[in-house]
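Here's the letter readout for the chains.
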Amino acid sequence: MKNSEDLIENTDPSINSLKKLVDEADRIVIFTGAGISAESGIATYRGAGGLWTKYDPEKYASIEYFRKDPTYYWNFFKEERHAMMAQAEPSVTHRAVAELEKQGRVSAVITQNIDNLHIKAGSKRVLELHGNTTRFYCCDCRAQYGLDEVKRLADQEVPVYCQKCQGIVRPDVVLFGEMLPANVIDEALREAKICDLMIVIGSSLVVYPAANLPYEAKLSGARLVIINIDATPLDSVADLAIHSSAGEVFPQAVGYES
Ligand code: APR
Ligand code: ZN
């Protein structure tokens, strides 16, 4: 990774402003949403072409509907999710975040994403607010299953039944109507309160309690940067809001070359 001094002065003022904020920070927290994975080929939820424009989240991603008709989720998994998740590779931004953590500059990645790409990119301290869809478990006996194993089972029959007790298998993600894992949200809140810079990458910041965290960071005295193609409700409180794609600004600002 090139250090910021020998980086040629970037002509883009927002990259220079971001670089300055990163250079001045001691404890950076990265907060990510679906937008950071858009460059890995994973559809975002809202905005142009978003998943929720094609699928009804009240059916696909709600615990109430899953209990009523788990087949809907499992068909969606077979048609859309598995291929997307199994083939997706971390974007240059995922990798730049992991590199910054390796340099001891990032204390935690707080992600709303369930695609496992921060872990795949090499980030170590990843707080997954909404779980991880490469992990599955039986609703009854909690037996655990991996992505490829449930794909093999789903190809035989949907919904997927536990091979040990015939219970229904579900993804290890937070569905609408469920609470976020208390230990994860508590740890994320602690990190948000003690960082001196929070960088939001690719989130519409409309889903709570996750969207509270950047606000908490700001209230606790941190600087706040938002990198998001569309405007977000927190742009007005951010120290810097950059409406560009993550891959065009973040890696350059932190001196990461893939
Ligand atoms: N670079 C930066 N931002 C991008 C990019 C990109 N390449 N591509 C898309 N975006 C932005 C869009 O402008 C959009 O505002 O990413 C944002 C993604 O917003 P959402 O699709 O709402 O995703 P997210 O904020 O992560 O959703 C939060 O909602 O449905 C639930 O549980 C789900 O975790 C998800 C939560
Ligand atoms: Zn079971």
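Up top you'll find the structure we're talking about.
Before going into details, it helps to say that this report is about the structure given with it. (Residues numbered from 1 in each chain as written. Chains lettered and ligands numbered in written order. Predicted model: local features only at pLDDT ≥ 70, side-chain atom pairs only at ≥ 80, totals over all residues. Heavy atoms only, no water.)

Helix and strand counts for the protein chain stand at 11 helices and nine strands. Over its C-alpha atoms the protein chain spans a radius of gyration of 19 Å, differing by no more than 12% from the 18 Å that the globule rule assigns to 258 residues. With the C-alpha coordinates aligned to their principal axes, the bounding extent of the protein chain is approximately 60 × 35 × 30 Å. In the protein chain, of all internal contacts separated by at least 6 residues, the share reaching a separation of at least 24 is 67%. Side chains of the protein chain carry 27 positive and 36 negative charges; the gap between the two charge centres is 4 Å. (Helix = DSSP H or I, 4+ residues; strand = E, 2+ residues; numbered from the N terminus. Rg over C-alpha atoms; globule rule 2.2 N^0.38 Å. Contact = heavy atoms within 4.5 Å. Lys, Arg positive; Asp, Glu negative; His and termini not counted. Charge placed at Lys NZ, Arg CZ, Asp CG, Glu CD.)

Another aspect to go through is the site of ligand 1. Inspection of the region around ligand 1 gives 22 residues, with Glu39, Tyr45, Arg46, Ser204 and Asp230 positioned closest. The separation between an oxygen atom of ligand 1 and a polar side-chain atom of serine 204 is 2.6 Å. Out of a free accessible area of 730 Å², ligand 1 has 93% covered by protein chains. In terms of residue class, the shell around ligand 1 is made up of eight nonpolar, 11 polar and three charged. Split by domain, the residues of the shell around ligand 1 number at least three in each of domain 1 (1-42 + 89-130 + 180-258) and domain 2 (45-87 + 133-173). (Near = heavy atom within 4 Å. Polar contact = N/O pair within 3.5 Å; in protein donor to acceptor, adjacent residues only side chain to side chain. Areas by Shrake-Rupley, 256 points an atom, 1.4 Å probe, with all protein chains shown as cover. Nonpolar A, V, L, I, M, F, W, Y, C, P; charged D, E, K, R; others polar. Domains from an automatic or database assignment.)

Turning our attention to the coordination of the zinc ion (ligand 2). Ideal geometry at a metal centre gives angles of 109.5 degrees when four donors are arranged tetrahedrally and 90 or 180 degrees when six donors are arranged octahedrally. The protein atoms that coordinate the zinc ion (ligand 2) are Cys138 (SG), Cys141 (SG), Cys162 (SG) and Cys165 (SG), at distances of 2.2 to 2.3 Å. Coordination at the zinc ion (ligand 2) comes from four donor atoms whose angles at the metal span 99 to 117°, giving a geometry best classed as tetrahedral. Positions of the donor residues of the zinc ion (ligand 2), expressed as sequence spacing, correspond to C-x2-C-x20-C-x2-C. On the criterion of sequence distance, the pair formed by cysteine 141 in the loop between strand 4 (131-138) and strand 5 (144-146) and cysteine 165 in the loop between helix 8 (147-156) and strand 6 (169-173) is long-range, its members being 24 residues apart. (Donors = N, O, S within 2.8 Å, 3.2 Å for Na, K, Ca; no water. Tetrahedral: all angles 85-135°; square planar, octahedral: opposite > 155°, others 65-115°.)

Geometrically, the link from valine 158 to proline 159 is a cis peptide bond, its omega value of -5° lying close to zero. Here the residue pair tyrosine 208 and proline 209 is connected by a cis peptide bond, since its omega of 5° sits within 30 degrees of zero. As for its position among the elements, proline 209 is in the loop between strand 7 (197-201) and helix 10 (212-219). With a phi close to 65°, arginine 142 is a non-glycine residue in the positive phi region. Turning to its location among the elements, arginine 142 is positioned in the loop between strand 4 and strand 5. Positive phi is not limited to glycine here, since leucine 205 has a value of about 55°. Residue placement: leucine 205 occurs in the loop between strand 7 and helix 10.

Time to look at the packing of helix 9 (residues 182-194) against helix 10. It is the contact of helix 9 with helix 10, at a shortest axis distance of 7 Å, that shows an interaxial angle of 35°. Regarding helix 9 and helix 10, the two cross each other, and that crossing is right-handed. Contacts from Ile185, Ala188, Leu189, Ala192 and Lys193 in helix 9 reach Leu213, Glu216 and Ala217 in helix 10. Broken down by class, the residue content of the contact of helix 9 with helix 10 amounts to six nonpolar, no polar and two charged. (Axes fitted to C-alpha atoms, helices over the stretch in contact; angles between N-to-C directions. Left-handed = near helix turned anticlockwise from the far one by under 90°.)

End to end, helix 1 (residues 13-24) covers 17 Å across 12 residues, agreeing with the expected 16 Å (1.5 Å per residue, within 8%). The complete set of buried residues in helix 1 reads Ser14, Ile15, Asn16, Leu18, Lys19, Leu21 and Val22. Buried residues in helix 1 make contact with strand 1 (28-32), strand 7, strand 8 (223-227), strand 9 (240-242) and helix 11 (246-253). (Expected span 1.5 Å × (residues − 1). Buried < 20%, exposed > 50% of the residue type's maximum accessible area, 1.4 Å probe, protein only.)

Quick look at the side chain of glutamate 101 now. By the element assignment, glutamate 101 lies in helix 6 (residues 92-102). Lysine 124 provides the closest opposite charge to the buried, salt-bridge-free glutamate 101, at an N-O distance of 6.2 Å. Each residue touching glutamate 101, except ones within four places of it in the same chain, is listed here: Val106, Gly122, Ser123, Lys124 and Arg125. (Salt bridge = Lys/Arg side-chain N within 4 Å of Asp/Glu carboxyl O.)

This brings us to the sheet that holds strand 6. Read from one edge of the open sheet, three strands run 5-4-6, paired in antiparallel fashion. Bordering the open sheet on either side are strand 5 and strand 6, each of which pairs with just one other strand. Going from strand to strand, the sheet's axes swing by 40° on average, the running direction of each strand aside. Two elements, strand 4 and strand 5, share three bridges in a ladder whose sense is antiparallel. (Pairing = 2+ DSSP bridges.)

A few words on the nonpolar core. Ranked by size, the top nonpolar core spans 32 residues in total, and within it Tyr73, Trp74, Phe77, Phe136, Tyr145, Val150 and Val169 carry the most contacts. Elements supplying a minimum of two residues to this core: helix 4 (63-68), helix 5 (70-87), strand 4, helix 8 and strand 6. Here this core takes six residues from helix 5, the largest share from any one element. Two domains each donate at least three residues to this core, and these are domain 1 (1-42 + 89-130 + 180-258) and domain 2 (45-87 + 133-173). (Core = buried A, V, L, I, M, F, W, Y, C linked by side-chain atoms within 4.5 Å.)

By themselves, these figures tell us nothing about what the structure is for.
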